[in-house]
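Survey of secondary and tertiary structure
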Amino acid sequence: MSSASEESGAREAHRKITVSDLTMAYGDSVVIQDLNFSVNEREIFIIMGGSGSGKSTLLRHLIGLQEPARGTILYQGTSSGLWEMAPPERERLLRRFGVLYQGGALWSSMTLAENVALPLQEYAIADAEEISELSSLKLALVGLAGFEDYYPSEISGGMTKRAGLARAMALDPDIFFFDEPSAGLDPITSRRLDDLILDLRDSLGATIVVVTHELASIFTIGDNSVLLDGESKTAIASGNPKQLLAESSDPRVHAFLTRSRETGRG
Amino acid sequence: MIGQEVAEDGTSGVQRVNLEYARRPDGTLHVALGGEWKLGGGLPAPQGVLEEIARPPHPQRVMLETSVLAGWDSGLLTFLLAVVSRCTELGVEVDRHGLPEGVKQLLALATAVPARHARRRATPKPFLARVGDAAIGWRNGWRDTLAFIGEAFVSLLGLLTGKARFRRSDLLRALQDCGAQSLGIVALINLLVGIILAFVGAIELRNFGAQIYVAHLVGIGMLRDIAPIMTGIIVTGRTGASFTAELATMEANQEIDALKTLGIPPMDFLVLPRLLALSLMMPLLCLYADLVGITGGLVVSASMLGISPVQYLEETKRAVGLNHLFLGLFMSFVFGVLVALTGCMRGIRSGRSASAVGEATTSAVVTGIVNIVVATAIITVISYVLGI
C-alpha cells in the first residue's frame, strides 16, 4: 500500500477518484472495510481479488448504485460524494461515467443501434440524424460496423461485450468502469478486448477502472491496482501489478498473482 | 472554391466552431477545423465538404488540419468519418497528419473493421408469404401444444406408477401458493360478485314480488358458473402468470437446461407439481368462492329486501342441488388443469430475453382466459344435453 501513498502528494490534482475509509456492507454484514485508494487520470486501474472478495460490490459503489456504509468516494471536480449531491449535479456526474456490465446488459428489446442511441436521446444532445451517425460511429469503433439492426440475442458473447462497450462510450464519458470485461470470452477475443481498452485509453484520454481476476488482462493493461481480500475484508496490496508481483513480500499477493496454491493462510 | 461555415453559440454570440475548406493549385483540398468541436453546439454538417470532394475533377488528396481546434468529442469523429469514407469511396488520398493523436487513433479504430453491408432487415415479405408463414406458425403452435399435453400426460402416468421425480417441498410450496395465498383475492371478488348478482336480481324480481327468488339466482348462478369462472380468471392472472414468469426466467437462466443435462425431465420436476397443486386447489377455492358468493347474496337480501338470513338459507337449500355444486367443482378442476398447463407451457417454451418473458406471460394469461371461457361453453352444452 506504500507506493501509492508516496506518489499521491504530487498527484493530488490528477486524481480522478479518491476513495477514503470506505466501508461497504449489506445490512449488518460488512464486505470490505477501511478501504483507501485513488485512481489517477488516464490510468487503467484494476480492482482485483478472488471470487467473493467484494470487487463487484466496490464497483457498484463507485458507479453510484450502492451507498457506502461509511467513508467517502470523491470524483475529480466534485466536493461531495454521489449520495450527498443535489440531483442535477449527480446526473451531470453520472453522465461522465461509462459502464460496461458483466453480461453486457444490453436491452434485449432494442437493436444495437437503439441501445447506443438511448443515452444520447435521453440527454438530447444531438438531433436524430446525428444520433444515428453517432451510434454507427460507436459501433464501428468497437468493430461492429454494419450490425446496427441486430438484436442482442442474435450476436455472440464477445460481440455483446463490445456492443456494451459501444453503449458505454455513447456519451463520451471520461471515466469508464468495466466489470469483468473478459469473463466468458476465449483468450483471443479477450486479448482483442484488452487491446481495445488500451486503444480507448490512449485515444480518448479516458480513465478506466476494470474489475477483473484474469491475470493475463491484469498484467497486459493494468497501470495501477488494488487487491481485495475477502478473508481480511480489506485491500491487501495496491500498486502496479507487475511491480507487485516483483516486489510484494505478502504471500497472499504472490499466490493471487501467480495462481499458486499456497495462499499463506495456513 | 472556398467554403466557410461558422456555428455561433446562441447565448453568447461567441464563435465556437469553424470549418474552412479550399482547393490549392496543386489539387489538394485543404480542410481546416477549428473551435470547440463538441456535440450540442450546432456542428456544421459535412455535406459541403463531401460535395467539394465529389466535384470533378476530384482533389488529388484531402488534407485535414486542426491546428486551431480547441476541443473535440464524438461530434468531430462523425464528421471526419464521413469525410474519410467518402474519400475512400472515390480513391482520394487523405492526409491525417494534422489531426490530434487521439482522433487519428479513433479514426483508425473505426475504419479497421469493414462494415458488414449485409443488413438483415431486408425487404418485407409479400402478403401471401406472410399468410403462409402465419398458417405454418399456427399449425406448429398446435402441434407443440399437443406434444406438451402428451408429455404432461405421460408424466402424470409416471406419477401413478411412482416414477415421477419431483421434490415434495416444491409441491407443498405450489399448494400453498395456489391455495392459501389466493384466499384473500378470491373472497373479495366473489363476495362482490355475489352482492352485485343479488342486487341486480333484487331490483328486477321486486317488480314481480318475487324477491325470495334472489336466493335461487345467486345460489344456482354462483355454484354452476360464476364462482368457477371468476375463480378461474383470478387464478389465471395470479398463479398461471406467475408459473409462466418463473419458468420463463428459469429458461432464460439455463436452469431448465441444467435439469435436462442431469437427466431430470422438466415436465416431471417443474410442471407436474404445479399441475397437481392447481388442479387440487381449484375445486377447494371454488367451494370457498361458492360460500362467499352466497354470503354476498344473503347480505343484500337481508339489508335490502328484508328477507331474514334463515329464510334465505332455507330457500337456497331448496333451490340448489348437489348436481349444481358438483358441476361447478368439476368445471373448476378442469380450469385448474387448463391454467396450469398453459402457464407452464408458455413458460417452458419462452424465448430467453426479457421481452420474451413478458410476451410469454401475456400470452399465458390471454390463452388461459380464452381456455376457461371455451371450456365453460363446452361443459354447459354437454351438461344441458345430459340434463345435469
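Residues numbered from 1 in each chain as written. Chains lettered and ligands numbered in written order. Predicted model: local features only at pLDDT ≥ 70, side-chain atom pairs only at ≥ 80, totals over all residues.

1. A word on helix 5 (residues 128-141) of chain A
Residue and element names in this part refer to chain A. Here helix 5 is 14 residues long and its end C-alpha atoms lie 20 Å apart, about the 20 Å a rise of 1.5 Å per residue gives. Three or more residues of helix 5 are buried, namely Ile-131, Leu-134, Ser-135, Ser-136, Leu-137, Lys-138, Leu-139, Ala-140 and Leu-141. Immediately downstream of helix 5, the backbone of Gly-143 shows phi near 80 degrees, a positive value. (Helix = DSSP H or I, 4+ residues; strand = E, 2+ residues; numbered from the N terminus. Expected span 1.5 Å × (residues − 1). Buried ≥ 20, exposed ≤ 12 C-beta atoms within 10 Å, placed from the backbone.)

2. Looking at the nonpolar core
Generally speaking, nonpolar side chains in soluble globular proteins are found buried as a group. In this structure, A:Ile47, A:Leu139, A:Ala166, A:Ile208, A:Val209 and B:Leu80 are the most contacted members of the largest nonpolar core, which totals 98 residues. Ranked by residue count, the leading element in this core is helix 2 (residues 74-90) of chain B, at seven residues. Not counting residues within four places of it along the chain, the set of residues in contact with A:Ile208 comprises A:Ile44, A:Phe45, A:Phe176, A:Phe178, A:Ile197 and A:Arg201. In this structure, B:Phe166, B:Leu270, B:Val300 and B:Ala340 belong to the second largest nonpolar core, which totals 61 residues. (Core = buried A, V, L, I, M, F, W, Y, C linked by C-beta atoms within 7 Å. Contact = placed C-beta atoms within 7 Å.)

3. A closer look at the sheet that holds strand 2 (residues 29-40) of chain A
Residues and elements named next belong to chain A. The three strands lie next to each other as 2-1-4, forming an open sheet whose pairing is antiparallel. At either margin of the open sheet sits one strand with a lone partner, and together these are strand 2 and strand 4 (70-75). With strand direction ignored, the average angle separating the axes of adjacent strands in the sheet is 15 degrees. Sheet strands in contact with helix 2 (residues 55-62) are strand 1 (15-26), strand 2 and strand 4, and its direction is about 120 degrees off that of strand 1. (Pairing = 2+ DSSP bridges. Axes fitted to C-alpha atoms, helices over the stretch in contact; angles between N-to-C directions.)

4. Thoughts on the pairing of strand 3 (residues 44-49) of chain A
All names here are of chain A. For strand 3, the tally of buried residues reaches six of six residues, placing the bulk of the element in the interior. In strand 3, alternate side chains face the same way, and those of Ile-44, Ile-46 and Met-48 on one face and Phe-45, Ile-47 and Gly-49 on the other are all buried. Pairing of strand 3 with strand 7 (residues 207-211), which is carried by four bridges, proceeds in the parallel orientation. By the bridge assignment, Ile-44 is partnered in strand 7 with Ile-208. In this sheet, strand 8 (residues 224-229) lies alongside strand 3 in parallel orientation, the contact comprising five bridges. In the sheet register, Gly-49 faces strand 8, and the bridge partner there is Leu-228.

5. Some points on the interface of chain B and chain A
The accessible area lost on association of the parts is a frequent measure of interface size. Listed as interface residues are 24 residues of chain B and, on the opposing side, 23 residues of chain A. If you list the elements that add at least two residues to the side of chain B that touches chain A, you get helix 2, helix 3 (101-112) and helix 12 (354-386) of chain B. Taken together, the residues that form the side of chain B that touches chain A break down as ten nonpolar, eight polar and six charged. (Nonpolar A, V, L, I, M, F, W, Y, C, P; charged D, E, K, R; others polar.)

6. Section: the domain arrangement of chain B
The domains assigned to chain B are domain 1 (2-110) and domain 2 (165-386). Relative to domain 2 of chain B, the C-alpha centre of domain 1 of chain B lies at a distance of 69 Å. (Domains from an automatic or database assignment.)

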